[in-house]
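Chain by chain, the residues:
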Amino acid sequence: MAVASRAVYNIASSECAVRQVHAVQYQPTNRPIEDRLSVDQTQDGRLFVGVYDGHHGAATAAYVSQTLPAAVLSHPPQSTSPADAVTSHLMKTFTDLDESILSSFQRDFEPSLPKLLRRFGSNQLPSPAAVTKALRDANVLERARRAKCGSTALGVYVVGGKDGTAVYLANLGDCRAVLGQMDAEGRVEAVPLTRDLNVKDPLEVARLRNEHPGEDDTVIMGGRVLGLIAVTRSFGDAYFKLHDTSYTFKVLGHPFLTPPGQMLLADQHRVLFGHYRTPPYLSSTPEVTTRHPLEGGRNRFIVVGSDGLWDLVSDEWAVRAVMDGLERGGKEENVSEFVLQRILEAGKRPGDDLTCVVLVFR
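Notes on the structure follow. (Residues numbered from 1 in each chain as written. Predicted model: local features only at pLDDT ≥ 70, side-chain atom pairs only at ≥ 80, totals over all residues. Heavy atoms only, no water.)

## Describing the nonpolar core
Side chains of nonpolar character tend, in soluble globular proteins, to be buried together. By size, the foremost hydrophobic cluster in this structure holds 50 residues, and its most contacted members are Leu-68, Leu-90, Phe-105, Phe-109, Leu-135, Tyr-157 and Val-225. The biggest single contributor to this core is helix H2 (residues 83-108), with 7 residues. (Core = buried A, V, L, I, M, F, W, Y, C linked by side-chain atoms within 4.5 Å. Buried < 20%, exposed > 50% of the residue type's maximum accessible area, 1.4 Å probe, protein only. Helix = DSSP H or I, 4+ residues; strand = E, 2+ residues; numbered from the N terminus.)

## Looking at the packing of aromatic side chains
For the coordinates displayed, the defined rule picks out 5 aromatic pairs. With a centroid separation of 6.5 Å and 45° between ring planes, the pair formed by Tyr-157 and Tyr-168 is classed as tilted. Within this pair, whereas Tyr-157 is found in strand E5 (residues 150-159), its partner Tyr-168 is found in strand E6 (residues 166-172), the two being separated by 11 residues in sequence. Three or more aromatic residues joined by ring pairs form one cluster here, namely Phe-48, Tyr-157 and Tyr-168. (Phe/Tyr/Trp six-rings, centres within 6.5 Å; stacked < 30°, edge-to-face > 60°.)

## A few points about the side chain of Arg-46
Within the secondary structure layout, Arg-46 lies in the loop between strand E3 (35-41) and strand E4 (47-55). For Arg-46, the side chain forms a polar contact with the side chain of Tyr-157, separated by 2.9 Å. Those residues in contact with Arg-46, other than ones at most four positions away along the chain, are Asp-40, Gln-41, Val-72, Leu-73, His-75, Pro-76, Pro-77, Tyr-157, Val-158 and Val-159. (Polar contact = N/O pair within 3.5 Å; in protein donor to acceptor, adjacent residues only side chain to side chain. Contact = heavy atoms within 4.5 Å.)

## Let's talk about unusual backbone geometry
Between Pro-279 and Pro-280 the backbone carries a cis peptide bond, its omega angle lying at 5°. Tracing the backbone through its elements, the reader meets Pro-280 in the loop between helix H8 (265-273) and strand E12 (287-291). One non-glycine residue, His-56, lies in positive phi territory at about 60°. Within the secondary structure, His-56 sits in the loop between E4 and helix H1 (59-73). Judged by its relative accessible area of 29%, His-56 falls in the partly exposed class. Backbone geometry at Asp-237 places phi at a positive 55°, although glycine is not the residue there. On the secondary structure map, Asp-237 appears in the loop between strand E11 (235-236) and helix H7 (245-252).

## Notes on the packing of H1 against helix H5 (residues 138-148)
Contact pair H1 / H5: the axes reach a minimum separation of 7 Å and the direction vectors enclose 100°. Here H1 lies roughly perpendicular to H5, going by the angle between them. Residues Ala-59, Thr-60 and Tyr-63 of H1 touch H5, and the partners they reach there are Glu-142, Arg-145 and Arg-146. When its residues are assigned to classes, the contact of H1 with H5 shows 2 nonpolar, 1 polar and 3 charged. (Axes fitted to C-alpha atoms, helices over the stretch in contact; angles between N-to-C directions. Parallel < 35°, antiparallel > 145°, perpendicular 65-115°, else oblique. Nonpolar A, V, L, I, M, F, W, Y, C, P; charged D, E, K, R; others polar.)

## Quick notes on the sheet that holds strand E1 (residues 2-10)
Whenever strands of a sheet pair, they do so through backbone hydrogen bonds, lying parallel or antiparallel. The strand order E1-E2-E14-E13-E7-E8 describes an open sheet built from 6 strands, whose pairing is antiparallel. With partners counted over all chains shown, the strands left at the sheet margins are E1 and strand E8 (188-192), one partner each. Within this sheet the neighbouring strands show an average axis-to-axis angle of 20°, counted without direction. As paired strands, strand E7 (residues 176-182) and E8 are joined by 5 bridges and run antiparallel to one another. Bridge assignment links Gly-180 to a residue of E8, and that residue is Ala-190. (Pairing = 2+ DSSP bridges.)

## A few points about helix H11 (residues 335-345)
Here H11 has its buried residues at Val-335, Ser-336, Phe-338, Val-339, Leu-340, Ile-343 and Leu-344. Looking at the packing, one finds that the buried side of H11 touches E1, strand E2 (18-27), helix H9 (307-310), helix H10 (315-328) and strand E14 (354-361). The N-capping residue of H11, defined by a side-chain oxygen 2.9 Å from the backbone nitrogen of Ser-336, is Asn-334. Gly-347, located one to two residues past H11, shows a positive phi value of around 80°.

## Focus: the packing of H10 against H11
With their axes 9 Å apart at the nearest point, H10 and H11 run at an angle of 125° to one another. Here H10 is positioned oblique relative to H11, judged by the angle of their axes. Crossing geometry of H10 relative to H11 is assigned as right-handed. Of the residues in H11, those in contact with Trp-317, Ala-321, Val-322, Asp-324, Gly-325, Leu-326 and Arg-328 of H10 are Val-335, Phe-338, Val-339, Arg-342 and Ile-343. (Left-handed = near helix turned anticlockwise from the far one by under 90°.)

## Structural notes on the pattern of salt bridges
Oppositely charged side chains are able to pair whenever their charged atoms sit close together. Enumeration according to the criterion identifies 18 salt bridges in this entry. With a shortest N-O distance of 3.1 Å, Asp-44 and Arg-46 are connected by a salt bridge. When its relative accessible area of 7% is taken as the criterion, Arg-46 is described as buried. Residue Asp-183 is joined to Arg-187 by a salt bridge in which the shortest nitrogen-to-oxygen separation is 3.5 Å. Members of the salt-bridge network, linked through shared partners, are Arg-195, Asp-201, Glu-204, Arg-207, Glu-211, Arg-233 and Glu-287. (Salt bridge = Lys/Arg side-chain N within 4 Å of Asp/Glu carboxyl O.)

Quick look at the structure:
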């Protein structure tokens, strides 16, 4: 058990409403941490902060954390851009990235058949030997890992404008963001900025059942999608999204794609694909919410965390701990690390990777 990473990022542009970003990651086990984070800023004062919670391996979270920020920041909004244009850009960027992860994986393993055979509906698949040979190519293996592994993501996009600062939150899964805001009596209060997109959310359950009619008894079983995963939106997770289950099983079930200590997809096959009828079962479309205008003063900070944080503390506990850290420490003291230390001192022991990021306003 150890701190996997810690950092304080100073935001150079005075045009940005955020002055610092504090981050800490904690790994409670001996396996490699699957969480990732990103902090990227532009010269025109825009800021993108991301938290990515990987599962079944770190490949997807690592790739998305390296790719998503540049894709978001590459299209600056115009001064006349309405808020819904930025929202649309964020939604499209998320879905396009996930599509590229899945499609690049599929292209690597398309059977080498003449177009004539495809026209007549041949369903020939790569042989086990062909799959093994393909996966010996490091690039092919990495693309397959990105598709098989999965990651939730929460991006906080801070954009300045003539009408003040807007904060857009693009949420794909169950990472969470909470605003620390001062009330009329000078006390900090927690204002939720996102909702956890998993099977505990009634709206997500209703959405899944509406998208998969006739599967009410199987689309969610034992508090999980198809009995296997709690989140309802993610990057990667190809075997919850692709239509050709025999193809998916043949490639993604290969031992090369199974980290040590994890169950082979072959052993999950009977459980998963027995109820696999109308994919995709996980969505790559984020829920985008906006706070505008959002300046300093009453609004002091935003806490962003993976579910490893929120499994241990409430929104209110987190914002009070951040406020204590800001009042006690200097500008260079890592307030996210202060929060982690408070958690450990309270006898709370993380059972999952924990990422805590705090955006502090000017």
